[in-house]
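Below, each chain spelled out in residue letters.
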Amino acid sequence: MVLEGNPEVGSPRTSDLQRPGNQGSCVLSSPGEDAQPGEEPIKYGELIVLGYNGCLSSGDKGRRRSRLALSRRPHANGVKPDVMHHISTPLVSKALSNRGQHSISYTLSRSHSVIVEYTHDSDTDMFQIGRSTENMIDFVVTDTSPGGGAAEGPSAQSTISRYACRILCDRRPPYTARIYAAGFDASSNIFLGERAAKWRTPDGLMDGLTTNGVLVMHPAGGFSEDSAPGVWREISVCGNVYTLRDSRSAQQRGKLVESESNVLQDGSLIDLCGATLLWRTPAGLLRAPTLKQLEAQRQEANAARPQCPVGLSTLAFPSPARGRTAPDKQQPWVYVRCGHVHGYHGWGCRRERGPQERECPLCRLVGPYVPLWLGQEAGLCLDPGPPSHAFAPCGHVCSEKTARYWAQTPLPHGTHAFHAACPFCGAWLTGEHGCVRLIFQGPLD
């Protein structure tokens, strides 16, 4: 066995290394060391899972929820690289991987492994995300199926890693958040097996990728009314940025993109191969509409007393408290090809083209005919504009700029594919534009 300390990796190993602890609560909002009693904790940002429209179908519980706020912890729990060891047998790595020592194990062959030990970093807080429900995971994320909800049943095998990724946030202004592939397990270890993509960097250090990868997309122009989708990249275990592999789990890595970093921006998307998360900064959330504003918009839309142009009944968007259950009698429905809004009716069916295919009585276009539902996750909205557009074919309603942004944003699906999807329910978008402008008829009186 050969043990080799590498001075380039970091400072000498600290004998009194502290093990970063988990602070327990899902919404990590305990006051920081500098906070005075009664003060709000410093918030680094929020993670929002696409496809749930404000709440998991089974309800937000503990660390499993549709939205997580990351706030400064009472005590720093970040880690940073310290010492690198070359060992002659993987069995020895178990001696180095204990609950008091964070490390990343790179298995190069049956007779050669590299262990990088990590030491406590008093300047950062670490938050871990994954499918595991163990205590070291701060945000438990499960697979989201198209159309909203979690994949269920014994045949629904998850593609999300148990320890998918970790985010390190600086405890001092400007509170920069950085993302890294893979999280530390119950033994405080990240293990990259013999088949995992891994390599030695030009400066003699090690790096690698997880099996299904962690992809990140930073929007161009921030997450605002002028935003445009960026380019999807893959993040390595050490936080470097690479172009995408040929397939999600290919062993050959992409090319290093030196001009880009793993720093999360307002509106950055994080894909874990089964679920996609949106990162919002505190400043970005101040520009987003509030739940009160969304409710005021709903009441204003209903106060205009839109009517069905055929049945002449008054339409009204249901209260979000009622949830997305069966549509009621006043629920507005839309022909998603033309945007004409009606009340529910049973005529115009084109059974040869499917049960949802109807012919609009106003313009004769044939297409899906679905109920309209207001988008209730304010953090997914680019602006506080009026609810004027609906995604096709699901019928979720939001502002024009929000609808157009998500309609042109491809989200990863499977190992090769990308599809634009409704951010509120995850349904794949269809049609030429993926969304439609709603055409309401006002009251005749």
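The structure we're discussing is the one just above.
Our subject in this report is the structure included herewith. Quick caveat: nothing in here was measured; it's all calculated off a predicted structure.

**Let's talk about the packing of aromatic side chains**
In this description, a pair of aromatic rings is defined by centroid distance and the angle of the planes. Inspection of every chain in the model, using the stated rule, returns 13 aromatic pairs. Both rings, one in Trp-333 and one in Tyr-344, keep their centres 4.7 Å apart while their planes meet at 55°; by these two values the pair is tilted. Highlighted residues: Trp-333 in strand E18 (residues 333-335) and Tyr-344 in the loop between strand E19 (341-342) and strand E20 (357-359), separated in sequence by 11 residues. Aromatic pair Phe-391 and Phe-424: ring centres 6.3 Å apart, planes at 55°, arrangement tilted. Linking Phe-391 in strand E23 (residues 389-391) with Phe-424 in the loop between strand E26 (417-420) and strand E27 (435-437), this pair joins segments that are 33 residues apart in sequence. The exposure class assigned to Phe-424 is buried, which follows from its relative accessible area of 1%. Members of the aromatic cluster, each reached through a chain of ring pairs, are Trp-333, Tyr-335, Tyr-344 and Tyr-369.

**Side note on unusual backbone geometry**
Going from Pro-173 to Pro-174, the amide bond is cis rather than trans, its omega being 5°. By secondary structure assignment, the location of Pro-174 is in the loop between strand E8 (165-170) and strand E9 (177-181). Look at the link from Ala-392 to Pro-393: it is a cis peptide, with omega at 10°. Tracing the sequence through the fold places Pro-393 in the loop between E23 and strand E24 (396-398). Here Tyr-175, not a glycine, exhibits a phi torsion of approximately 60°, which is positive. One can find Tyr-175 in the loop between E8 and E9. Tyr-175 sits in the partly exposed class, given a relative accessible area of 23%. The residue Arg-364 is not glycine, and still its phi comes out positive at about 70°. Within the secondary structure layout, Arg-364 lies in the loop between E20 and strand E21 (366-371). For Arg-364, a relative accessible area of 54% puts it in the exposed group.

Reading the values: the criteria
Residues numbered from 1 in each chain as written. Predicted model: local features only at pLDDT ≥ 70, side-chain atom pairs only at ≥ 80, totals over all residues. Heavy atoms only, no water. Phe/Tyr/Trp six-rings, centres within 6.5 Å; stacked < 30°, edge-to-face > 60°. Helix = DSSP H or I, 4+ residues; strand = E, 2+ residues; numbered from the N terminus. Buried < 20%, exposed > 50% of the residue type's maximum accessible area, 1.4 Å probe, protein only.

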